[in-house]
Amino acid sequence: MDKLVRSVICVSDLGLDYIMDICERAVHVYRELREGNPRKFVNYLTGEKCDLIFSQESTRTYSSFEDAFSMLGAESIVGFRSAGESSMQKGESIYHTVDTFVGQGSGSRFIVMRHAAEGSAKWARISAFRSFAKKVREYAKEYYSYPANLIFPILFNGGDGKHSHPSQLLLDCATIYHKFGRITDLDFGECNDIGGSRVVSSHIDAASTLNWRIHTSCFPDAEFSLRQRYRILKDGIRAVEYDSVKEMLPNLDLLYVNRYQFNLRGTSTGDFAADIFSDKHPRISLSLVKPHSLPVFHARPIDKNAREITPDLYDHPLDCSGVQSDFGVPTRMAMCMHAIDNRMFSLEGIIRSFDPEELGFYVQDLSGRAPKVIEEERYTTARIHNGYVIDHIPRGCGGVISNLISKLFPDIQVVLSMNVRGAWDTSTPKDVIKLHVPGDFKWDPILTNIVVLFTEYSAKKSCRVSRFAEGTRVEKWAYRTRSEGGDRCINKACITRDEHNENIVFLHRLEKVGGEAMKVCPYCETPQDTQLLEQLERENKSR
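All figures in this text were calculated on a predicted structure; none of them were measured in a lab.

**Q** Any chance you could explain the overall build of the protein chain here in plain terms?
**A** Across its full length, the protein chain holds 15 helices and 17 strands. The dimensions of the protein chain, computed from C-alpha atoms along their principal axes, are 90 × 55 × 45 Å. Per-residue burial over the protein chain gives 56% buried out of 543 residues. Taking contacts inside the protein chain between residues at least 6 apart in sequence as the whole, the part at least 24 apart equals 76%. By element, 45% of the accessible surface of the protein chain is carried by carbon and sulfur atoms, the whole surface being about 23600 Å².

Here you go:
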């Protein structure tokens, strides 16, 4: 069973179950909008607010999300089509932009973000979580309960530089499902700009999940990017490169035509659009694909200056780009419907769906610290036989935590103490929870998520967990975020770079690739050791 999907940030996070569910929903919505009741789905977002934060231009992604929210009944849809329409032009960070939509009124249900910096959508998700968690703690401290009407928004990545475009991948899959009746086990052809396209990157990210064999024929200097090469190697994707498009065509189930990414490469479409084609890399015409009965896909817009697809294909049944465009709204409606139907806005849904590591948390091992010795009769965490103690809970939050644990783990005996002072009279009052557990009980990831939600990561001590066995503390840890030091990404387009001024502190994650440990940026997913990547690629080819 795939992990729960809440925010949709990167295609590599999506499992087959989720992708299939979106495809089936999208096909159902597509048919309903055309021959059924277009108002059938308006109760999904009745009276709700949704936001689109775009700092890069867009026609289809922006308008299809906007239409999707409207078809689902949203009352308020606030959108910025460029950075100039928002406070980003005044220098506002992503963190504070997102914070505006978490809890303003009751908050936004969905936020769609497009940004030029790679990894920006991941940072937006982290920003949303930190803002939401802070507001939950602040409310609990004052009212000793959970703010039931506060909304933790779901983030959809509308495209972050050359990194990822997951909703495009999903609508591509929905179109393929509509046309082929399946989305797996395909020979998937890509031509033109490969390394500069976030759409191609999204196809590569999905290839191992969907058992796609990737075939490419690219323009000169538009070959696989560093991140694409890493993903192909890591996932064991079968990727075949061809010297010419004609050589590739007989081996395909479909051809995906990519426009040359002038905008993402820092130039404009009219500069040298007519010069990029050749005998080996021609414009895709009806005469090229008709002998192979090859369906042609394109994310649009088709560049009128470059004309990567010739007009004789526009109205031909082999051209699927119009159907792709038609699936934009149904697919994005399906993404919202999946989240709502799976109760992803409930506190329980929130707790079950997030991964603390993806939100920048790490485990701080405190086991080596000696237990406090308290001589006088005062409350102390040492008085438990077998189980766990959650100490240094922000005052007022203990009741919410204990209620959550009691609901999700009915076999655990939960003992809550509130307004507790520590060993010293000057210590800040806190809440403490003791968990008396069965002998075979193991700490559960859901407990981790509960603790993380209420951890004040800027405080020196917050929500520390101790495990006791036979009356002795055997482990102690806390969940922290990094505030200083950290790594630097080699990708100049990464959101973590100093020039973006987002103050992101992180460490590269270690990924096992070809038996070697490789450092990879957790935001833009760029491998940091190019020489190691090249070495592993050579070894892989020699096998």
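**Q** Got a minute to help me understand the environment of tryptophan 123 in this structure?
**A** Take tryptophan 123: it is sitting in helix α4 (residues 120-143). For the pair formed by tryptophan 123 and serine 12, sequence separation is 111 residues and the distance between their alpha carbons is 16 Å. Discounting chain neighbours no more than four positions away, the residues touching tryptophan 123 are Ile94, Tyr95, Arg130, Ile495, Glu502, Ile504 and Tyr523.

**Q** In this structure, what is going on with helix α13 (residues 398-408)? I would like to understand it.
**A** Residues separated by three or four positions in an α-helix point in the same direction, a consequence of the helix having 3.6 residues per turn. Burial runs high along α13: eight of the 11 residues are buried. All of the buried residues along α13 are Gly398, Gly399, Val400, Ile401, Ser402, Leu404, Ile405 and Leu408. On the buried face of α13, the contacting elements are α4, α12 (347-353), β11 (387-394), β12 (413-420), β13 (430-436) and α14 (445-453).

**Q** What's the story with the pattern of salt bridges in this structure? I'm lost.
**A** In the structure shown here, the tally under the stated rule is 28 salt bridges. In this structure, lysine 407 and glutamate 348 form a salt bridge, with 3.7 Å as the shortest nitrogen-oxygen distance. Pair noted here: lysine 407 is in helix α13 and glutamate 348 is in helix α12, with a separation of 59 residues, a long-range link. Look at lysine 407 and you get exposed, because its relative accessible area is 60%. Close ionic contact of lysine 430 with aspartate 391 constitutes a salt bridge, the shortest N to O distance being 3.0 Å. A residue pair is termed long-range when its members are at least 10 positions apart, and lysine 430 in strand β13 and aspartate 391 in strand β11 qualify at 39 residues. Salt bridges here are not isolated pairs; linked through shared partners, they connect Lys122, Asp205, Arg227, Arg231, Lys234, Asp235, Arg509, Glu511 and Glu525.

**Q** Is there a simple way to think about the pairing of strand β5 (residues 186-192) in this case?
**A** Within a regular beta strand, the side chains point alternately toward one face of the sheet and then the other, so they alternate between its two faces. Counting buried residues in β5 gives seven out of seven residues, a clear majority hidden from the surface. As judged from the seven bridges shared by β5 and strand β6 (residues 212-218), these two strands associate in the parallel manner. Among the inter-strand pairings, glycine 189 is bridged to a residue of β6, identified as histidine 215. Read as a crossover between parallel neighbours, the route from β5 over helix α6 (residues 198-210) to β6 is right-handed.

**Q** Which parts of the structure should I look at to understand the packing of α13 against α14?
**A** The description of two helices packed together rests on the angle between their axes and the distance between the axes. Between α13 and α14, the shortest axis-to-axis distance is 11 Å and the interhelical angle comes to 165°. In this view, α13 runs roughly antiparallel relative to α14, as classed from their interaxial angle. The interaxial crossing formed by α13 with α14 has right-handed handedness. In this structure, α13 uses Ile401, Leu404, Ile405 and Leu408 to contact α14, whose residues at the interface are Ile446, Leu447 and Ile450. Here the contact of α13 with α14 is built from residues that sort into seven nonpolar, no polar and no charged.

**Q** What exactly am I supposed to notice about the packing of aromatic side chains here?
**A** Per the counting criterion, the structure on display carries 26 aromatic pairs. Between phenylalanine 69 and phenylalanine 110, the aromatic rings sit 6.0 Å apart at their centres with planes inclined by 20°, giving stacked as the arrangement. Here phenylalanine 110 lies in strand β3 (residues 110-115) and phenylalanine 69 lies in helix α2 (residues 60-71), a separation of 41 residues in the sequence. The pair formed by phenylalanine 69 and phenylalanine 110 is uniform in burial state, with each residue classed as buried. On the numbers, 5.5 Å between centres and 80° between planes, the contact of phenylalanine 219 with phenylalanine 277 is edge-to-face. Taken as a pair, phenylalanine 219 in the loop between β6 and α7 (226-235) and phenylalanine 277 in the loop between β8 (254-258) and α9 (286-289) lie far apart in primary sequence, 58 residues in all. Three or more aromatic residues joined by ring pairs make a cluster, and in this case those are Phe129, Phe132, Phe152, Phe354, Phe361 and Tyr457. Taking NZ or CZ as reference, arginine 6 lies 5.4 Å from the ring centre of phenylalanine 345, over its face. Here the basic side chain of arginine 130 rests over the ring of tyrosine 457, its NZ or CZ set 5.0 Å away from the ring centre.

**Q** It is not clear to me how the environment of proline 153 should be interpreted in this structure. Could you clarify?
**A** For proline 153, the location among the structural elements is in the loop between α4 and β4 (154-160). If we skip the residues at most four places from it in the chain, proline 153 touches Arg6, Ser7, Val102, Ser108, Arg109, Ile111 and Ala128.

**Q** Please explain helix α11 (residues 328-341) as it appears in this structure.
**A** Along its 14 residues, α11 runs 20 Å from first to last C-alpha, staying within 8% of the 20 Å computed at 1.5 Å per residue. Where burial is concerned, most of α11 is hidden: 12 out of the 14 residues are buried. Those residues of α11 that fall on the buried side of the exposure criterion are Gly328, Val329, Pro330, Thr331, Arg332, Met333, Ala334, Met335, Cys336, Met337, His338 and Ala339. Looking at the buried positions of α11, the neighbouring elements they touch are α1 (16-35), α2, β3, β4, α5 (166-180) and α10 (321-326). Phi turns positive one or two residues past the end of α11, at arginine 343, with a value near 55°.

**Q** Sorry if this is basic, but what is going on with the sheet that holds β5 here?
**A** Where strands meet in a sheet, backbone hydrogen bonds hold them as pairs that are either parallel or antiparallel. Strand order in the open sheet formed by five strands is β7-β6-β5-β8-β9, with parallel pairing between adjacent strands. The two strands at the open ends of the sheet, each matched to only one other strand, are β7 (239-241) and β9 (296-298). Sheet twist, expressed as the mean angle between neighbouring strand axes with direction ignored, is 25°. Where β6 and β7 come together, three bridges link them in parallel fashion.

**Q** What is the right way to look at the sheet that holds strand β15 (residues 472-481) in this model?
**A** One open sheet accounts for six strands, arranged β10-β15-β14-β11-β13-β12; its pairing is antiparallel. Pairing within the sheet leaves two strands with one partner each, and these edge strands are β10 (361-365) and β12. Strand-to-strand, the axes of this sheet are offset by a mean angle of 20°, without reference to chain direction. Sheet topology places β11 next to β13; six bridges connect them, and they run antiparallel. Residue pairing in the sheet places valine 389 in a bridge with lysine 434 of β13.

**Q** Quick question: what am I supposed to make of unusual backbone geometry here?
**A** Leaving glycine aside, a negative phi is the common case for residues, and trans is the common case for peptide bonds. Omega for the peptide link from arginine 300 to proline 301 comes to 5°, which places this bond in the cis form. Turning to its location among the elements, proline 301 is positioned in the loop between β9 and α10.

Conventions adopted
Residues numbered from 1 in each chain as written. Predicted model: local features only at pLDDT ≥ 70, side-chain atom pairs only at ≥ 80, totals over all residues. Heavy atoms only, no water. Helix = DSSP H or I, 4+ residues; strand = E, 2+ residues; numbered from the N terminus. Buried < 20%, exposed > 50% of the residue type's maximum accessible area, 1.4 Å probe, protein only. Contact = heavy atoms within 4.5 Å. Areas by Shrake-Rupley, 256 points an atom, 1.4 Å probe, with all protein chains shown as cover. Salt bridge = Lys/Arg side-chain N within 4 Å of Asp/Glu carboxyl O. Pairing = 2+ DSSP bridges. Right-handed = clockwise from strand over helix to strand, strands pointing away. Axes fitted to C-alpha atoms, helices over the stretch in contact; angles between N-to-C directions. Parallel < 35°, antiparallel > 145°, perpendicular 65-115°, else oblique. Left-handed = near helix turned anticlockwise from the far one by under 90°. Nonpolar A, V, L, I, M, F, W, Y, C, P; charged D, E, K, R; others polar. Phe/Tyr/Trp six-rings, centres within 6.5 Å; stacked < 30°, edge-to-face > 60°. Lys NZ or Arg CZ within 6 Å of the ring centre and 35° of its normal. Expected span 1.5 Å × (residues − 1).

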